[in-house]
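# Structure assessment
This is what each chain is made of:
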Amino acid sequence: MDALYPRLLVTRFAECFDFYRAVLPPLTGANLAKGAPEGPYANWDVDEQAVLALYDRAAMAAALGTDELPAHPATATQDAAMLVLRVDDVDKALPLCLRHGGALVAPATDRPEWGPSLRSAHLRDPEGYLIELQSY
C-alpha cells in the first residue's frame, strides 16, 4: 500500500513525463511503474511504493467538474509547495535536470543556515513546479 506521495496535475503532460522519466531513476532510484507520454496518468515507484505521480490537469478538472475554472492564477504568486529530491551530488544532478527540460531558479549553493553540510539548487520542471535538489 502506498502511504503518501505527491501527484502533480499538469497541462504539459508529455514534457513532464519525459522530464521525470529521465531524472527520477538516476537521482532517486524511482522507476516508471505505469504510464506513457500520452497520459493521462503516470507514476514512479521505489520498492513498489509510489514516489511521484503525474495526472493530466484537464482530466482531473473534468472528473471534479471544475473545468470552467482557470488552470493557474492570473498573476504571479510565491510558490505554495515544492518537490524536494535528496541526491548524492547536487552539482551532478542539476545539469541532468536542465538537460531534460528543467529551468534554473537558483544555482547550487552551500546553505549552512539550513544544515551544517547542506547544499541545494532550485529549478522548475516543464510545468513550472519548483524542485529543490539537496544533499547533506
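Here is a short report on the structure shown in this document. (Residues numbered from 1 in each chain as written. Predicted model: local features only at pLDDT ≥ 70, side-chain atom pairs only at ≥ 80, totals over all residues. Heavy atoms only, no water.)

In this section: the sheet that holds strand β1 (residues 7–10). Within the open sheet, the four strands sit side by side as β1-β4-β3-β2. Their pairing is mixed. At either end of the open sheet lies a strand with only one pairing partner, and these are β1 and β2 (31–35). Strand-to-strand twist across the sheet, computed as the mean angle between neighbouring axes with direction ignored, equals 20°. Note that strand β3 (residues 41–46) and strand β4 (residues 49–56) share six bridges and pair antiparallel. Looking across to β4, one finds that Asn 43 is bridged to Ala 53. (Pairing = 2+ DSSP bridges. Helix = DSSP H or I, 4+ residues; strand = E, 2+ residues; numbered from the N terminus. Axes fitted to C-alpha atoms, helices over the stretch in contact; angles between N-to-C directions.)

Another point: the packing of aromatic side chains. Counted under the stated rule, the structure contains five aromatic pairs. Each residue in the set Phe 13, Phe 17, Phe 19, Tyr 20 and Trp 44 is aromatic and connected to the rest through ring pairs, giving one cluster. The positively charged end of Arg 111 is found above the aromatic ring belonging to Trp 114, 4.6 Å away from the centroid. (Phe/Tyr/Trp six-rings, centres within 6.5 Å; stacked < 30°, edge-to-face > 60°. Lys NZ or Arg CZ within 6 Å of the ring centre and 35° of its normal.)

On to the side chain of Asp 125, then. Within the element layout of this structure, Asp 125 appears in the loop between β7 (119–124) and β8 (130–135). One buried charge, Asp 125, has no salt-bridge partner; the nearest side chain with opposite charge is Arg 124, at 7.4 Å. At 2.7 Å, the side chain of Asp 125 forms a polar contact with the side chain of Tyr 20. Leave out the neighbours within four places in its chain, and Asp 125 touches Leu 8, Cys 16, Phe 19, Tyr 20 and Ile 131. (Buried < 20%, exposed > 50% of the residue type's maximum accessible area, 1.4 Å probe, protein only. Lys, Arg positive; Asp, Glu negative; His and termini not counted. Salt bridge = Lys/Arg side-chain N within 4 Å of Asp/Glu carboxyl O. Polar contact = N/O pair within 3.5 Å; in protein donor to acceptor, adjacent residues only side chain to side chain. Contact = heavy atoms within 4.5 Å.)

Any functional reading would require information that these geometric values do not contain.
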